[in-house]
There are 2 protein chains.
Amino acid sequence: MVRGRISRLSVRDVRFPTSLGGHGADAMHTDPDYSAAYVVIETDAEDGIKGCGITFTLGKGTEVVVCAVNALAHHVLNKDLKDIVGDFRGFYRQLTSDGQLRWIGPEKGVVHLATAAVLNAVWDLWAKQEGKDPRMLVSCIDFRYITDVLTEEDALEILQKGQIGKKEREKQMLAQGYPAYTTSCAWLGYSDDTLKQLCAQALKDGWTRFKVKVGADLQDDMRRCQIIRDMIGPEKTLMMDANQRWDVPEAVEWMSKLAKFKPLWIEEPTSPDDILGHATISKALVPLGIGIATGEQCHNRVIFKQLLQAKALQFLQIDSCRLGSVNENLSVLLMAKKFEIPVCPHAGGVGLCELVQHLIIFDYISVSASLENRVCEYVDHLHEHFKYPVMIQRASYMPPKDPGYSTEMKEESVKKHQYPDGEVWKKLLPAQEN
Amino acid sequence: MVRGRISRLSVRDVRFPTSLGGHGADAMHTDPDYSAAYVVIETDAEDGIKGCGITFTLGKGTEVVVCAVNALAHHVLNKDLKDIVGDFRGFYRQLTSDGQLRWIGPEKGVVHLATAAVLNAVWDLWAKQEGKDPRMLVSCIDFRYITDVLTEEDALEILQKGQIGKKEREKQMLAQGYPAYTTSCAWLGYSDDTLKQLCAQALKDGWTRFKVKVGADLQDDMRRCQIIRDMIGPEKTLMMDANQRWDVPEAVEWMSKLAKFKPLWIEEPTSPDDILGHATISKALVPLGIGIATGEQCHNRVIFKQLLQAKALQFLQIDSCRLGSVNENLSVLLMAKKFEIPVCPHAGGVGLCELVQHLIIFDYISVSASLENRVCEYVDHLHEHFKYPVMIQRASYMPPKDPGYSTEMKEESVKKHQYPDGEVWKKLLPAQEN
């Protein structure tokens, strides 16, 4: 039973000083402090259940997202959860199409990240209360701007077909989990020694798929890719990630030189806005055996729609916090199914693994029904701050069993890392100013 | 001589309660309060010259942009103006590619609007100090992600060709001004009577090109378009603007029904992110004599690049405050020239006319060298709050003669309209709460 009126929304700026160790560094983001705008909604239902939502950020600017969450709060406050989820499509559109606020998006950047944080909290609250059925899920999707590719009827049909064999796939997931790959070994900030050591450990832990960051310096890339390929051997999977470093012709040229290391994909070769650019790169690299992956900075379903239409990618990477929560991610999963393009989610960051495991396991059980060419990113990082952290076994995500969207952080962690007044930052900030 | 170190940056949230009169209402933005994040930078040069920059907003959310301006301020503070403009491309990239902050964009939405406000202030300051030459202009452009369409060499070549006949075009502009059209007659919020009255007055004032808002209700659109076409006659120009209301098939269907009113263009038929959608609509409507116009919510040069590549528009509408100031607008003017697509800027709002007149007159004098199919939007609105307001004569923008980017607002107006503490809002807010 859905219950409660939302009586309180709080949002906090939580930052982890990850840049100190070079963790998470890539060709464009050289010093990220993995952070989150962390939203908690409470109700008057007296059951003590809270909804927790996050969106991931890289440090600076989290305060801007916090400000945007506050600008959206009035849409949520004093609403009955029943009314929200009873017309979730309408509620989604309220958030994304506010007549004044949409100007500073629309459906992109800061306001859309804030929308995700708020809606993730609503989904967490709702999921802690009860389960969902396909028709209910379709009613959460805003089909505006995508009906030329996916209508409500198409969506229902896909989900109905997804019912076939669902029980077996559930069992399979519970037994084996969803296949993952690791990004933890080869950040750009790591020395060759660190890289080798982490790679050896990952192999020992049973990992068979590895991602390496590239794009800053070609000679450096050649050396690092050689090290990894030598360590993992010719059979295991290697992915590469340029984090938008290149222009279109540059991407083709650079990757032609890295082709000999047999990457499964090159991720984010250029601007996430450049659909036609990705199509051009794809045309050039697919014959070399390299697929194009992108999505972590694709700001909404309209961009994904076009990437699919233009045959611009071979692997689609949803993000649980950049798209407008489950609502918008559902529409992208369904479009990917229609085009038969595998979804391989972006994760890592703060809490992204926790959230996205729900989406990708749902995708397998109820939408794609296939594991072919599918794999979910994993980064071994910051999970200790979550109340219901992901569980990885034999390089696979084991299905979460706790109620909710796994978004809840430990209060102690939040307090300690609040910016700028938490204990961690109180110590760090004066030191950094010197 | 470029001079001064930037010693202070202030930003204020300035809102005009335009929603009270239904001014500015369209199919998606039903109650806009025309607003701006207003930036002032000061230097230690003791000449008293300030740089003023704005970005336009619709009311709510302006505080989020203000927050983002503050997040960017450290890039500007304590910098010598000489160093900024001496490597303006590098400075631009500092603002747009900050390793932590770019995550919440990149180059889109709130952070990009804030970037525009800050850079507009820098341009105002610089322009108040001295003139520019072509090579200097090219050095301001960040060519990242557009070299597949426009290289630095292409840009220089276009600008060098633009020198031919420049003196004559300057004279022509000074004598006749740049042709404009009016959007002031036909907002969706206006009654038929208001529409007729404003239209009659505009005809009397010499206007020959009129824009009408459409997209909320087909029957209503038919009636209003009929009224206007009857009043202006078959020869004068009518444009239509749907403000992103439709899905792709819907846009084609709806406009097929409005084709009999002979619109020159349909503006923003669908999502500003949907390049392929605009291409589909364009293919269907151009044979009916209707061009596609879009751009006011296209968030950066990468989107414009693709709209041009995909032949998705016949009229390109730059925005002086959504793109990253003069720097990014230059790149779009040059790409449009390369594809021979006319630029017809978006204006109106708060200060957009003041800023964009500089860009479009520059476009004519130094880039396009043509007025064919070209016209700049004008809305008769809020100019009284600017220190150097636009001057319209015979339905044309007369070239601005004061130094700077015409961005400076009257201090009195700013104080009165500051949100939420200015006089106007102190009166309005308690009234709205009742």
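Residues numbered from 1 in each chain as written. Chains lettered and ligands numbered in written order. Predicted model: local features only at pLDDT ≥ 70, side-chain atom pairs only at ≥ 80, totals over all residues. Heavy atoms only, no water.

> Please explain the packing of aromatic side chains as it appears in this structure.
To describe a pair of aromatic rings, you give the distance between the ring centres and the angle between the ring planes. Residue and element names in this part refer to chain A. Evaluated as defined, the whole model comprises 24 aromatic pairs over all chains. An aromatic cluster is defined as three or more aromatic residues linked by ring pairs; in this entry it consists of Phe 88, Phe 91, Trp 123 and Trp 126. Against the face of Tyr 419 rests Arg 15, its NZ or CZ located 3.5 Å from the ring centre. In this structure, Arg 144 packs its charged tip against the face of Tyr 145, placed 5.9 Å from the ring centre. (Phe/Tyr/Trp six-rings, centres within 6.5 Å; stacked < 30°, edge-to-face > 60°. Lys NZ or Arg CZ within 6 Å of the ring centre and 35° of its normal.)

> Would you explain the relation of the copies chain A and chain B in this entry?
Expressed as a screw operation, the relation of chain A to chain B combines 0.0 Å of axial shift with a rotation of 180°, fitting to an RMSD of 0.0 Å. In the structure described here, the two chain copies are related by an operation that fits a two-fold rotation axis. Minimal C-alpha distance to the rotation axis in chain A is attained by Gly 109 of chain A, lying at 2.5 Å. Comparing contact sets, 100% of the residues at the interface of chain A also lie at the interface in chain B, consistent with an isologous, same-surface contact. (Least-squares fit on C-alpha atoms with pLDDT ≥ 70 in both. Contact = heavy atoms within 4.5 Å.)

> Looking at this model, I keep getting lost on the state of the cysteines. Mind explaining?
By definition, a disulfide links the sulfur atoms of two cysteine residues through a covalent bond. All names here are of chain B. Enumeration according to the criterion identifies 0 disulfides over all chains in this entry. The thiol of Cys 344 is unpaired, and the distance to the nearest cysteine sulfur, on Cys 376, comes to 8.4 Å. By relative accessible area, Cys 344 is classed as buried at 0%. Lacking any disulfide linkage, Cys 353 is separated from the closest cysteine sulfur, that of Cys 376, by 6.8 Å. (Disulfide = S-S within 2.5 Å. Buried < 20%, exposed > 50% of the residue type's maximum accessible area, 1.4 Å probe, protein only.)

> What should I look at first to understand the confidence of the model for chain A in this one?
Interpretation of the predicted coordinates at a detailed level should be avoided for regions scoring low in pLDDT. For chain A, per-residue confidence averages 95 on the pLDDT scale, and 100% of positions sit at 70 or higher. Across the whole predicted complex the pTM is 0.95, and at the interface the ipTM reaches 0.94. (pLDDT = per-residue confidence, 0-100.)

> Please clarify how the side chain of Glu 354 of chain B should be interpreted in this entry.
Residues and elements named next belong to chain B. Relative to the helices and strands, Glu 354 resides in helix H14 (residues 352–368). For the buried Glu 354, no salt bridge is present, and the opposite-charge side chain at shortest range is Lys 410, 9.8 Å distant. In this structure, Glu 354 is in contact with His 383, Phe 386, Tyr 388, Pro 389, Val 390, Tyr 405 and Ser 406, ignoring residues within four places of it in sequence. (Helix = DSSP H or I, 4+ residues; strand = E, 2+ residues; numbered from the N terminus. Lys, Arg positive; Asp, Glu negative; His and termini not counted. Salt bridge = Lys/Arg side-chain N within 4 Å of Asp/Glu carboxyl O.)

> What is the right way to look at the interface of chain A and chain B in this model?
Where interface size is given, it is often the accessible area lost as the parts come together that is meant. Counting residues at the interface gives 64 residues for chain A, matched by 64 residues for chain B. For the chain A and chain B pair, buried surface summed over both sides reaches about 5,300 Å², with 55% attributable to carbon and sulfur atoms. When the area that chain A buries against chain B is broken down by residue, the three leading residues are Lys 60, Gln 100 and Trp 103 of chain A, summing to 18%. Counting every contact that joins chain A to chain B gives 6 salt bridges. Taken together, the elements giving at least two residues each to the side of chain A that touches chain B come down to strand S3 (50–57), helix H1 (62–72), helix H4 (109–129), helix H10 (248–258), helix H11 (275–285) and helix H12 (301–309) of chain A. It is H1 of chain A that contributes the most residues to the side of chain A that touches chain B, 6 residues altogether. (Buried area = accessible area lost by both parts, 1.4 Å probe.)

> What is the right way to read unusual backbone geometry from this model?
Peptide bonds are mostly trans, and most non-glycine residues show a negative phi. Cis geometry marks the peptide bond from Gly 105 of chain A to Pro 106 of chain A; its omega dihedral reads -15°. With respect to the helices, strands and loops of the structure, Pro 106 of chain A is situated in the loop between helix H3 (88–96) and H4. Cis geometry marks the peptide bond from Tyr 419 of chain B to Pro 420 of chain B; its omega dihedral reads 0°. Tracing the backbone through its elements, the reader meets Pro 420 of chain B in the loop between helix H15 (411–417) and helix H16 (423–433). For Leu 382 of chain A, which is not a glycine, the phi torsion comes out positive at approximately 70°. As for its placement among the helices and strands, Leu 382 of chain A is situated in the loop between strand S10 (376–378) and strand S11 (391–393). If you check the backbone angles, Asn 78 of chain B has positive phi at about 65° while not being a glycine. Summarising the element assignment, Asn 78 of chain B is placed in the loop between helix H1 (62–72) and helix H2 (81–86). Taking the relative accessible area as the measure of exposure, Asn 78 of chain B reaches 53% and is therefore exposed.

> Got a minute to help me understand the packing of helix H13 (residues 325–339) of chain A against helix H14 (residues 352–368) of chain A in this structure?
What describes two packed helices is the angle between their axes and the distance between those same axes. All names here are of chain A. Look at H13 against H14: their axes get within 11 Å of each other, and the N-to-C directions meet at 45°. Taken together, the axes of H13 and H14 lie oblique to each other. In this structure, the crossing between H13 and H14 has a hand that is right-handed. For the pair formed by H13 and H14, the contact residues are Val 326, Asn 329, Leu 330, Leu 333, Leu 334 and Lys 337 on the first element and Leu 359, Phe 362, Asp 363, Val 367 and Ser 368 on the second. (Axes fitted to C-alpha atoms, helices over the stretch in contact; angles between N-to-C directions. Parallel < 35°, antiparallel > 145°, perpendicular 65-115°, else oblique. Left-handed = near helix turned anticlockwise from the far one by under 90°.)

> In this structure, what is going on with the pattern of salt bridges? I would like to understand it.
Oppositely charged side chains are able to pair whenever their charged atoms sit close together. All names here are of chain B. Throughout the structure, instances matching the rule amount to 58 salt bridges over all chains. Linking Arg 12 and Glu 411 is a salt bridge whose minimum nitrogen-to-oxygen distance equals 3.0 Å. Of this pair, Arg 12 sits in strand S1 (residues 6–15) while Glu 411 sits in helix H15, and the two are 399 residues apart along the sequence. Given a relative accessible area of 38%, Glu 411 falls into the partly exposed group. The shortest N-O distance in the salt bridge between Asp 241 and Lys 211 comes to 3.6 Å. Separated by 30 residues along the polypeptide, Asp 241 in strand S6 (residues 237–241) and Lys 211 in strand S5 (residues 209–213) bring together distant segments of the chain.

> Hey, could you run me through the environment of Asn 373 of chain B in this one?
Residues and elements named next belong to chain B. Residue position: Asn 373 is located in the loop between H14 and strand S10 (376–378). Residue classification places Asn 373 among the partly exposed residues on the basis of a relative accessible area of 45%. Each C-alpha atom, one on Asn 373 and one on Ile 341, is 9.2 Å from the other, the two residues being 32 residues apart in sequence.

> Teacher, can you tell me more about the environment of Cys 67 of chain A here?
With respect to the secondary-structure elements, Cys 67 of chain A resides in helix H1. Taking the C-alpha atoms as reference points, Cys 67 of chain A and Asp 13 of chain A, 54 residues apart in sequence, are found 9.9 Å from one another. In contact with Cys 67 of chain A, other than residues within four places in its own chain, are Glu 63, Val 64 and Cys 67 of chain B.

> Explain the sheet that holds strand S3 (residues 50–57) of chain B to me, please; I cannot follow it from the model alone.
Two strands in a sheet stick together by hydrogen bonds in their backbones, pointing the same way (parallel) or opposite ways (antiparallel). Residue and element names in this part refer to chain B. Across the sheet, which stays open at both edges, the 3 strands sit in the order S1-S2-S3 with antiparallel pairing between neighbours. The open sheet has two free edges, formed respectively by S1 and S3, since each of these has just one partner strand. Direction aside, the axes of adjacent strands within the sheet are offset by 15° on average. Judged from the 8 bridges that link them, strand S2 (residues 35–43) and S3 form a sheet pairing that is antiparallel. By the bridge assignment, Ser 35 is partnered in S3 with Thr 57. Most of the contacts of H1 go to S1, to which it runs at about 175°, and overall it touches S1, S2 and S3. (Pairing = 2+ DSSP bridges.)

> In this structure, what is going on with the pairing of S5 of chain B? I would like to understand it.
A regular strand places its side chains so that they alternate between the two faces of the sheet. Residues and elements named next belong to chain B. Burial within S5 is extensive, with 4 of its 5 residues counted as buried. By the bridge criterion, 2 bridges tie strand S4 (residues 178–186) to S5 in an arrangement that is parallel. Counterpart to Thr 182 in the pairing with S5 is Phe 210. This β-α-β element, S4 to helix H8 (residues 192–204) to S5, shows right-handed connectivity. Examined bridge by bridge, S5 and S6 share 5 bridges and lie parallel to one another. Bridge assignment links Lys 213 to a residue of S6, and that residue is Asp 241. Considered for its hand, the β-α-β crossover made up of S5, helix H9 (residues 218–232) and S6 is right-handed. (Right-handed = clockwise from strand over helix to strand, strands pointing away.)

> Whenever I open this one, the sheet that holds S3 of chain A confuses me. Can you help?
Residue and element names in this part refer to chain A. As summarised here, the arrangement of the 3 strands in space is S1-S2-S3, forming an open sheet in which the pairing is antiparallel. Every other strand in the sheet has two partners, leaving strand S1 (6–15) and S3 as the edge strands with one partner each. Across the sheet, the axes of successive neighbouring strands diverge by a mean angle of 15°, strand direction being ignored. Here H4 sits on the sheet and contacts strand S2 (35–43) and S3; the angle it forms with S3, its principal contact strand, is near 150°.

> What is the right way to look at the side chain of Asp 221 of chain A in this model?
Residue and element names in this part refer to chain A. With respect to the secondary-structure elements, Asp 221 resides in helix H9 (residues 218–232). Although buried, Asp 221 forms no salt bridge, and the nearest oppositely charged side chain, Arg 224, lies 4.5 Å from it. Setting aside its immediate chain neighbours within four residues, Asp 221 contacts Lys 213, Val 214, Gly 215, Ala 216, Trp 254 and Leu 258.

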